[in-house]
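# Analysis of the macromolecular model
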Amino acid sequence: MKIKAAYLIVFLVLWSALKSYSQEVKETIPLLNILENVSTTYGYRFNYASTTIADISLLPPDANWEIEEILAYLTEKTGLEFSILPNRFISIKKVTAMLCGYLKDKNTQNFLPFATIQSSLESVITDENGYFEISVAGNEDIINIRFVGYRTLQRQAGLFKSGSCGDVFMIAQEFQLTEIVLYDYLIRGIDQVSDGSYRINFDRFSILPGLTETDVLQSVQAFPGIQSINETVSDINIRGGTNDQNLLLWDGIKMYQSGHFFGLISMFNPMITQNVTLRKNGTPASYSDGVSGTISMETENTLNEEFNGSLGINFIDVSGFIDAPLGTRSSIQVAARKAISDFVESPTYAAYFSRISQDTELENNSVNVLNSDKTFDFYDTSMRWLWQPTSKDQLQLNFIHASNELVFNENADFSGASLTRESSLNQSTIAGGFQYQRQWNDQIRTDIQVYNTDYKLRAVNANIQNDQRFLQENKVSETGVRISSRYLLNELFQWTNGYHFTETKVTNLDDVDNPIFIRLNGDVMRVHSGFTSLGYTSKNRNTTGNIGVRFNYLDKLEQQLWEPRLSFNQRFLKWFNVEILGEFKHQYTSQVINFQNDFLGIEKRRWQLSNDLDIPVISSKQASAGLSFNKAGWLFNAVGFYKEVEGITAQSQGFQNQYEFVKAIGSYNASGIDFLVRRQFKAASTWLSYSYLNADYEFNSLPETSFPSNYDITHAVTLGLSYDLNQVRVAAGWNWRTGRPTTRPDATAPIVNNTVNYGPSNTDLLQDYMRVDVSALYQLTVSNNSKALLGFSIWNVLDRENTISNYYRNNGLGGTTEFIQNSLGITPNAVIKLHF
């Protein structure tokens, strides 16, 4: 009986528990129903968003509770905030917190203005200082931060620093998958990247010997393996190549002119040019021509935070620059520069003018003709407009216009009458470009660019003795369209694809008025190119590589060209790097010299298009391998290379010997080594570079089928020192190289058939070239928002007379006369700049 009673008690307890659980489950009802019951019983009305209470169910509160107890219970169970308002209203909203901070670039520490930040509650934009405030729905709320050119940042609100407005860092979207492998390659601001290129950042730039301005094309000549055979920026020779074999880009726009003062200074205003990339080999498949090298210049591609500008003057020109925001999502940069020769003739101007006048009609006219009223002027203006309509889109417009003009009078007396005629030379460029970039997500980006560039060289040569006017023109007009997409497959691989179209028109005019003779030649080339490449970067960033191919179709010539490209870099044993680079390239434009007195003998080169007859398409193959060691401020870097270039013409090589007027097609090969030792201290950097080059021509149609190249500078050595501490920057440098090859007349019979009888080609050398340069800059604070920069430089401190070219003519006495062109002598310069 007792056992039955016990079973009964256990059964009743279990049944009661199950009944209670069943009732509890059944009585869990939607929050909406609870609110309706409370509203009916207590007379309160609730304000809320339907999404706030959706999908929330719970047990109803006790029927005997006061309204305050009910609200406390609902707050505890739902996590929502219930607030009693006047007139018996109760608001319901998610519990929010305020998150604030400063958005910065992780590498540069620069603020990132106008970035988009989103939570589940709202969307805000950072101000000009990168600051933001945003409401978040608790620590679990997901925050998304987007900014053009940077990886999207996605993080829970609880992971941000609480209690203060801390820094939030974003990482640049590295679509190039490149790493800096050698910081401060020569000086601060010059780095080598894992794809084999060199980058110059003028924001970090220190100082180079002989320069007070950050002249782009003078700066690149500091690298081993790069020379200027005649000491100009318009004749830069990369590993034995001619200047026309260099691809020159300004914000992606191809440029056919590079210098002011007909090559003595760069035409690209240093105030607006922010970054430069130099490539000797291993060019990405997205780049087109330039069989010797690529120099790519870029303006700043981020919105500025506030208005700033600068004004400057030196012994050559006066310049100005402004960088101004246009609202919150746009900014504009404008730079302008003009020669000061209209106001004063400085020692530097006089030295430059004398240099460009050597052995030209400006300096040497006919015996009875006197030149007078010589004037020279140059100017340039550049513009970059940037607009970011959304956090994923960016548009950019560029414009550049540069001009050089030389005018002088030729005077003569004939039969007692005085005659005067004007001769002139004008060289100008006008170009513009449009770029659109769309960041679809963290993996995909597309770029579109459209540009047009127009180059014009025009000379009027007045010949008083023959009562003749000779007009010459050389024009280049090019339009280009480039579309590319970049896809980050994962953390290791990137895939790039694209299409590139160019249409290039070249026109040459020779016009004589007495007797009337007009020759006008115009050619057009259209090229369709497609490219693809695959980039790789290992997780530990020690291995990077890029392999690609470019296909080109030249429609006029019905020619197809396949060009593989390769770059590889491996870091090992912590301090060592090995690189391997290779490329096939072509180009269908080149510069030729028909006569040494063309265009007044000053800028005698004219652009021509390949026609596959007497001017073929130039093609090149190049391979190089390098090894570097970098530890404790010491850098040792050595690169060996081999290059073959086919399709060159004798007219493009600047012969002034027995082949001056010969039309021949040939090739050249160049091999050598570039070596650098750099020691970096806390405030100083010193370097020693050495380049060895062996470059030879092959012209099967010439009597000498093989002989040294005109650009075969066998040995070149540079020793430099740069000191940078606080407001003072000082640099000094020593440059030495073997003389350029030259051809001498035959010693026993210098004149045959009334012409110069030359010996074997390029078997002799001019005297060795040697130059010492110094420069110094001092920065001082004028006010809280402005600084001044004072500086000076001396080019060729020792005033050494370096011969850079020579040639021979029949003197009419059975012998020859040698004509020599010398480099700049001692040339001072000074600069004053105000930054505000």
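Quick caveat: nothing in here was measured; it's all calculated off a predicted structure.

### Side note on the overall build of the chain
Along its length, the chain carries six helices and 54 strands. A compact globule built from 836 residues should have a C-alpha radius of gyration of about 28 Å, whereas the chain, at 36 Å, is more than 25% larger. Seen through its principal axes, the chain has C-alpha atoms that stretch 150 × 55 × 55 Å. Looking at the chain as a whole, 52% of its 836 residues are labelled buried.

### Notes on unusual backbone geometry
Negative phi characterises most residues that are not glycine, and trans characterises most peptide bonds. Following Asn-514, the chain continues to Pro-515 via a peptide bond in cis, the omega torsion being -5°. Looking at the element boundaries, Pro-515 is found in the loop between β32 (493-513) and β33 (516-537). Positive phi values are uncommon outside glycine, yet Arg-541 reaches one of about 65°. Mapped onto the elements of the fold, Arg-541 is located in the loop between β33 and β34 (543-554). Positive phi is not limited to glycine here, since Asn-754 has a value of about 65°. Its location among the elements puts Asn-754 in the loop between β47 (751-752) and β48 (755-756).

### Side note on the pairing of strand β51 (residues 786-795)
Sheet topology places strand β50 (residues 769-783) next to β51; nine bridges connect them, and they run antiparallel. Its bridge partner being in β51, Gln-779 is matched across the sheet by Leu-789. Here β50 hands over to β51 after two residues, the two strands then running antiparallel side by side. In terms of strand pairing, β51 meets strand β54 (residues 827-835) through nine bridges, oriented antiparallel. Following the sheet pairing, Trp-795 is matched in β54 by Thr-827.

### Considering the packing of aromatic side chains
Following the criterion strictly, the structure yields 33 aromatic pairs and no others. Seen from their ring centres, Tyr-185 and Phe-223 are 6.0 Å apart, and the 20° between their planes marks the pair as stacked. In this pair, Tyr-185 sits in the loop between β13 (180-182) and β14 (190-193) while Phe-223 sits in the loop between α5 (216-219) and β16 (226-228), placing the two residues 38 residues apart along the sequence. Residues Tyr-185 and Phe-223 agree in their burial class; the two are buried. The aromatic ring of Tyr-44 is capped on one face by Arg-88, whose charged end is 4.1 Å from the ring centroid.

### With respect to the sheet that holds strand β5 (residues 89-94)
Pairing is mixed across the open sheet formed by three strands, whose spatial order is β2-β5-β4. Of all the strands in the sheet, the pair left with one neighbour each is β2 (45-47) and β4 (80-85). Across this sheet, the average inter-strand angle for adjacent strands is 25°, counted without regard to direction. Here β2 runs beside β5; their pairing, made up of three bridges, is parallel. Bridging across to β5, Phe-46 finds its partner in Ile-90. Taken strand by strand, helix α2 (residues 31-42) contacts β2, β4 and β5, and its axis lies near 140° from that of β2. With respect to the sheet, helix α4 (residues 67-78) is in contact with β2, β4 and β5, its orientation differing from that of β4 by roughly 155°.

### Describing α4
Between its first and last C-alpha atoms α4 spans 16 Å; for 12 residues at 1.5 Å apiece the expected length is 16 Å, and the two agree. Within the span of α4, buried status applies to Ile-67, Ile-70, Leu-71, Tyr-73, Leu-74 and Thr-78. Down the axis of α4, the buried side of the element spans an arc of 160°, and every buried residue falls inside it. Residues Glu-68 and Glu-76 are exposed on α4 and point more than 90 degrees away from its buried face. In this fold, the buried residues of α4 make contact with α2, β2, β3 (57-58), β4 and β5. Positive backbone phi, at 75°, marks Gly-79, one or two positions downstream of α4.

### Observations regarding helix α6 (residues 347-357)
Among the residues making up α6, those that are buried are Thr-348, Tyr-349, Tyr-352, Phe-353, Arg-355, Ile-356 and Ser-357. Buried residues along α6 sit against β21 (265-266), β27 (370-390), β28 (393-414), β52 (803-810), β53 (816-822) and β54. Immediately beyond the C-terminal end of α6, within one or two residues, lies Asp-359, with a positive phi of roughly 55°.

### Details of a negative patch on the surface
A cluster of acidic side chains, namely Asp-62, Glu-66, Glu-68 and Glu-69, defines a negative patch on the protein surface. Mapped onto the fold, Glu-66 is located in the loop between β3 and α4.

### Describing the pattern of salt bridges
Counted under the stated rule, the structure contains 30 salt bridges. Its salt-bridge partner being Lys-833, residue Glu-213 comes within 2.9 Å of it at the nearest N-O pair. Taken together, the positions of Glu-213 in the loop between β15 (198-201) and α5 and Lys-833 in strand β54 put the pair 620 residues apart, joining distant regions of the chain. Judged by relative accessible area, Lys-833 falls into the buried class, the value being 11%.

### Here's the deal with the state of the cysteines
Scanning the model with the defined rule gives one disulfide in all. The disulfide bridge from Cys-100 ends at Cys-165, spanning 1.8 Å between sulfur atoms. Here the S-S torsion is close to -85°, and the disulfide linking Cys-100 with Cys-165 is therefore left-handed. Pair noted here: Cys-100 is in strand β6 (residues 97-105) and Cys-165 is in the loop between β11 (153-156) and β12 (166-170), with a separation of 65 residues, a long-range link. Given the relative accessible area of 17%, Cys-100 is considered buried.

### With respect to the environment of Leu-217
Within the secondary structure, Leu-217 is located in helix α5. Through-space distance from the C-alpha of Leu-217 to that of Trp-736 is 19 Å; in sequence the pair is 519 residues apart.

Definitions and limits used
- Residues numbered from 1 in each chain as written.
- Predicted model: local features only at pLDDT ≥ 70, side-chain atom pairs only at ≥ 80, totals over all residues.
- Heavy atoms only, no water.
- Helix = DSSP H or I, 4+ residues; strand = E, 2+ residues; numbered from the N terminus.
- Rg over C-alpha atoms; globule rule 2.2 N^0.38 Å.
- Buried < 20%, exposed > 50% of the residue type's maximum accessible area, 1.4 Å probe, protein only.
- Pairing = 2+ DSSP bridges.
- Phe/Tyr/Trp six-rings, centres within 6.5 Å; stacked < 30°, edge-to-face > 60°.
- Lys NZ or Arg CZ within 6 Å of the ring centre and 35° of its normal.
- Axes fitted to C-alpha atoms, helices over the stretch in contact; angles between N-to-C directions.
- Contact = heavy atoms within 4.5 Å.
- Expected span 1.5 Å × (residues − 1).
- Arc of directions from axis to C-beta.
- Patch = residues over 30% accessible without salt bridge, like charges linked within 9 Å, V, L, I, M, F, W, Y side chains within 5 Å.
- Areas by Shrake-Rupley, 256 points an atom, 1.4 Å probe, with all protein chains shown as cover.
- Salt bridge = Lys/Arg side-chain N within 4 Å of Asp/Glu carboxyl O.
- Lys, Arg positive; Asp, Glu negative; His and termini not counted.
- Charge placed at Lys NZ, Arg CZ, Asp CG, Glu CD.
- Disulfide = S-S within 2.5 Å.

So yeah, pure geometry; function would need other evidence.
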